Amino acid sequence: MKNNRYVTIGLAAITPILGCILFLLYNGIGFTEYSIACSQWNDEFTYYKQVEAIIAYGKPLGFYGFNESHALLGNLGGWSFAIHWPFVLIGKIFGWTYTTPVIFNIVISIIGLVAFAAIMKLTLKQQLVVSGLWLGYSVGLRYIFSASPEVLICVLFLMLLTFMYRYYKTGATHWIVLADVFLFYLSLMRGYYAAFVLVFIYMVWEKHGFGKKVIYQVLVGAASALGYALIIHYCLAEYFSPDVTIDWVNPLILLKKEAVGALESLNYMWQALQLQSVRGSWYIIYLFVGIFVFYKIFKDKRKGYITAALVWFILPCALWAIYNSKEGCRHLMACGFIGIIFMSVLARHRWINIVSLVIVFFTTWLSADSFYTDLVKPDQAQIETVAEAQAELTELISLDSGDEWDNTIIWSLSTYFNDLYAVPAGMGINCCEDEFLIENIGNLNSKYIATMNGDTIDALVEAYGGELIYSYGQTNIYKLR
């Protein structure tokens, strides 16, 4: 029995490593060859450069934002600073390079799966299913090779559910305290995780009745929601269009958004079954978890699952209202994937695990949606060009000004974003739509602009009198004043 325990923990530890090896072999890329600087995801470019700036100067010296919006505090763009903290800490200790976030993701995955196996006391059979789900979820493996925080969020959410479950089974105070800490931190990263406090409140109420402990959980939820609200107001730049609008006051408009979101989500699920959409995979996995929760309500008569079902219902409705079915589905990824892992441990019937494995493998590994499932083969010439350009641009562009706009470069959306890894560390990168630039070319605040060589914005900036100071790859860098 003890030997099986060691085997289970060992399997949990090597699962992320096996997944990385499998994924690299599938894509025909060696570990030392891959570079996030050749990715087709522009989000991770922004994450990487913001972390780079915080490590170098404590915060970006210019403004991150959209269409020259900017945060009131901190100069960051569209993501909470809480997301950056772990990466900044690791970068401070070990250095920040293109491989740092990848290694961090691997290590945090190992820690998360080992802690899950140990705390939940998984049997070898249970761990085999968990490892099978991890290896079968190719999108999760893709995110390991990324500077995006999705892997970190998945691991934190796995720990949150683990602590919550252990409290439910044992009633030990330290488990609910740990769950509260993880809930608060996850909510600072992405505010909708505060909804899980509803489950906490029910569990505490069931065990202790209404009293101080229940009020404490209410306060934890309120603090989590308030913390994220303050971050949104003070520390995030307004996106191209506001997330929350006055239209929310009209229930008919809100209801229409929900109906459109639901119908579009069904369409994505149909596309996923045809192996054409990873977005649909996220919805299918999330739906299957919801079916399991409702099964527990009616089959086992466990009232505690009612609050879990309520949270399961609230999350997509909130994301359809704030974003839309296309952008919101990515936020369901951690809830769905970690939910199905947790479900595999709680399931009493083998067929549930078999269906889970089939859904995960079928809708990700076999999907033709290569944007989410494939790694881009490294372009060594691109990497060398960017390295050379960053060294020269760091000499050409001074970041000594006390005016943040002097330390800000516009990233026109038509520009090849991977070229912008060459922007000097600490410089603010403000992403602007071409229409905005055309309308405001004479009234831009930023001192610099990056354009794609030969495109419409490039010609516009040149005609306006922008001073070309450097050209490399597909990109021209202009000084506007």
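Scroll up for the structure.
Residues numbered from 1 in each chain as written. Predicted model: local features only at pLDDT ≥ 70, side-chain atom pairs only at ≥ 80, totals over all residues. Heavy atoms only, no water.

Draft legend 1. How the structure looks around the packing of helix H12 (residues 278–300) against helix H15 (residues 333–346). Running from N to C, H12 and H15 cross one another at 45°; their axes reach a closest spacing of 8 Å. With respect to H15, the element H12 is oriented oblique. The two elements H12 and H15 cross, and the hand of that crossing is left-handed. Within the contact between the two elements, H12 uses Trp 282, Ile 285, Tyr 286, Phe 288, Val 289, Phe 292 and Lys 296 and H15 uses Met 333, Cys 335, Gly 336, Phe 337, Gly 339, Ile 340, Met 343 and Leu 346. In terms of residue class, the contact of H12 with H15 is built from 12 nonpolar, two polar and one charged. (Axes fitted to C-alpha atoms, helices over the stretch in contact; angles between N-to-C directions. Helix = DSSP H or I, 4+ residues; strand = E, 2+ residues; numbered from the N terminus. Parallel < 35°, antiparallel > 145°, perpendicular 65-115°, else oblique. Left-handed = near helix turned anticlockwise from the far one by under 90°. Contact = heavy atoms within 4.5 Å. Nonpolar A, V, L, I, M, F, W, Y, C, P; charged D, E, K, R; others polar.)

Draft legend 2. Examining the packing of helix H8 (residues 173–189) against helix H10 (residues 212–235) more closely. Between H8 and H10, the shortest axis-to-axis distance is 8 Å and the interhelical angle comes to 20°. It follows from the interaxial angle that H8 and H10 lie roughly parallel. By crossing handedness, the relation of H8 to H10 is classed as right-handed. Where H8 abuts H10, its residues Ile 176, Asp 180, Leu 183, Phe 184, Ser 187, Leu 188 and Met 189 lie against Tyr 216, Gln 217, Val 220, Ala 223, Ser 224, Gly 227, Tyr 228 and Ile 231.

Draft legend 3. View of a nonpolar patch on the surface. Together, Trp 270, Leu 273, Ile 354, Val 358, Phe 361, Phe 362 and Leu 366 make up a nonpolar patch on the protein surface, roughly 670 Å² of accessible area in all. Within the fold, Phe 361 resides in helix H16 (residues 350–364). Classification of Phe 361 by relative accessible area gives partly exposed; the value is 41%. (Patch = residues over 30% accessible without salt bridge, like charges linked within 9 Å, V, L, I, M, F, W, Y side chains within 5 Å. Areas by Shrake-Rupley, 256 points an atom, 1.4 Å probe, with all protein chains shown as cover. Salt bridge = Lys/Arg side-chain N within 4 Å of Asp/Glu carboxyl O. Buried < 20%, exposed > 50% of the residue type's maximum accessible area, 1.4 Å probe, protein only.)

Draft legend 4. Quick look at helix H3 (residues 81–94). The end-to-end C-alpha distance of H3, which contains 14 residues, comes to 20 Å, matching closely the 20 Å that a straight helix rising 1.5 Å per residue would cover. By the largest-angle criterion, Phe 87 marks the main kink of H3, which is about 30°. Taken as a whole, H3 has its buried residues at Ala 82, Ile 83, His 84, Pro 86, Phe 87, Val 88 and Gly 91. Considering only its buried residues, H3 is in contact with helix H2 (42–57), helix H4 (100–120), helix H7 (150–170) and H8. Where H3 terminates, the next one or two residues include Gly 95, which has phi positive at roughly 95°. (Expected span 1.5 Å × (residues − 1). Bend = angle between axes of the 7 residues up to and from the residue.)

Draft legend 5. Broad picture of the packing of aromatic side chains. Summed over all chains, the structure comprises 40 aromatic pairs. With centroids separated by 6.0 Å and ring planes inclined at 65°, the aromatic side chains of Phe 23 and Trp 365 adopt a geometry described as edge-to-face. One end of the pair, Phe 23, is in helix H1 (residues 2–27); the other, Trp 365, is in the loop between H16 and helix H17 (370–373), and 342 residues separate them in sequence. Taking the relative accessible area as the measure of exposure, Trp 365 reaches 11% and is therefore buried. Arranged with centres 5.8 Å apart and planes meeting at 75°, the rings of Tyr 165 and Phe 342 form a pair that is edge-to-face. Taken together, the residues span a long stretch of sequence, with Tyr 165 in helix H7 and Phe 342 in helix H15 at a distance of 177 residues. Chaining the aromatic ring pairs together yields one cluster made of Phe 45, Tyr 48, Phe 87, Trp 96, Tyr 98, Phe 104, Trp 411, Tyr 416, Phe 417 and Tyr 421. (Phe/Tyr/Trp six-rings, centres within 6.5 Å; stacked < 30°, edge-to-face > 60°.)

Draft legend 6. Geometry of the sheet that holds strand E6 (residues 475–479). Judged by pairing direction, the sheet is mixed, and its six strands sit side by side in the order E1-E3-E2-E4-E6-E5 without closing on themselves. Every interior strand has two partners, whereas the edge strands, strand E1 (65–66) and strand E5 (467–472), have only one. Sheet analysis places E5 next to E6, joined by five bridges and oriented antiparallel. What sits directly across from Tyr 470, in E6, is Ile 477. (Pairing = 2+ DSSP bridges.)

Draft legend 7. Seen up close, the pattern of salt bridges. Under the definition given, this model contains six salt bridges. Asp 43 is paired through a salt bridge with Arg 330; the nearest N and O atoms lie 3.3 Å apart. Of this pair, Asp 43 sits in helix H2 while Arg 330 sits in the loop between helix H14 (325–328) and H15; the two residues are 287 residues apart in sequence, bridging distant segments of the chain. Taking the relative accessible area as the measure of exposure, Arg 330 reaches 18% and is therefore buried. Here Lys 49 makes a salt bridge to Glu 52, at a shortest N to O gap of 2.7 Å. Note that Lys 49 and Glu 52 are positioned in helix H2 at a spacing of three residues, about one turn of the helix. Overall, the relative accessible area of 13% leaves Glu 52 in the buried class.

Draft legend 8. Spatial organisation of the environment of Cys 431. Looking at the element boundaries, Cys 431 is found in strand E3 (residues 428–432). Note: C-alpha distance between Cys 431 and Leu 266 (165 residues apart in sequence) is 32 Å. Cys 431 has contacts with Gly 65, Phe 66, Asn 67, Phe 240, Trp 411 and Leu 413, leaving out every residue within four places of it along the chain.

Draft legend 9. Seen up close, the side chain of Thr 15. When you line up the elements, Thr 15 lands in helix H1. Within the structure, the side chain of Thr 15 is placed 2.7 Å from the side chain of Ser 131, a separation counted as a polar contact. If near-sequence neighbours (up to four positions away) are discounted, Thr 15 is found in contact with Leu 113, Gln 127, Ser 131, Trp 134 and Leu 135. (Polar contact = N/O pair within 3.5 Å; in protein donor to acceptor, adjacent residues only side chain to side chain.)

Draft legend 10. Structural view of unusual backbone geometry. In this structure, Asn 75 takes a positive phi of about 65° despite not being glycine. Take Asn 75: its relative accessible area is 4%, and that puts it in the buried class. Positioned with a positive phi, Leu 275 is a non-glycine residue whose angle comes to about 65°. In this structure, Leu 275 sits in the loop between helix H11 (251–273) and H12.

Note that all results are geometric; they support no functional claim without further evidence.
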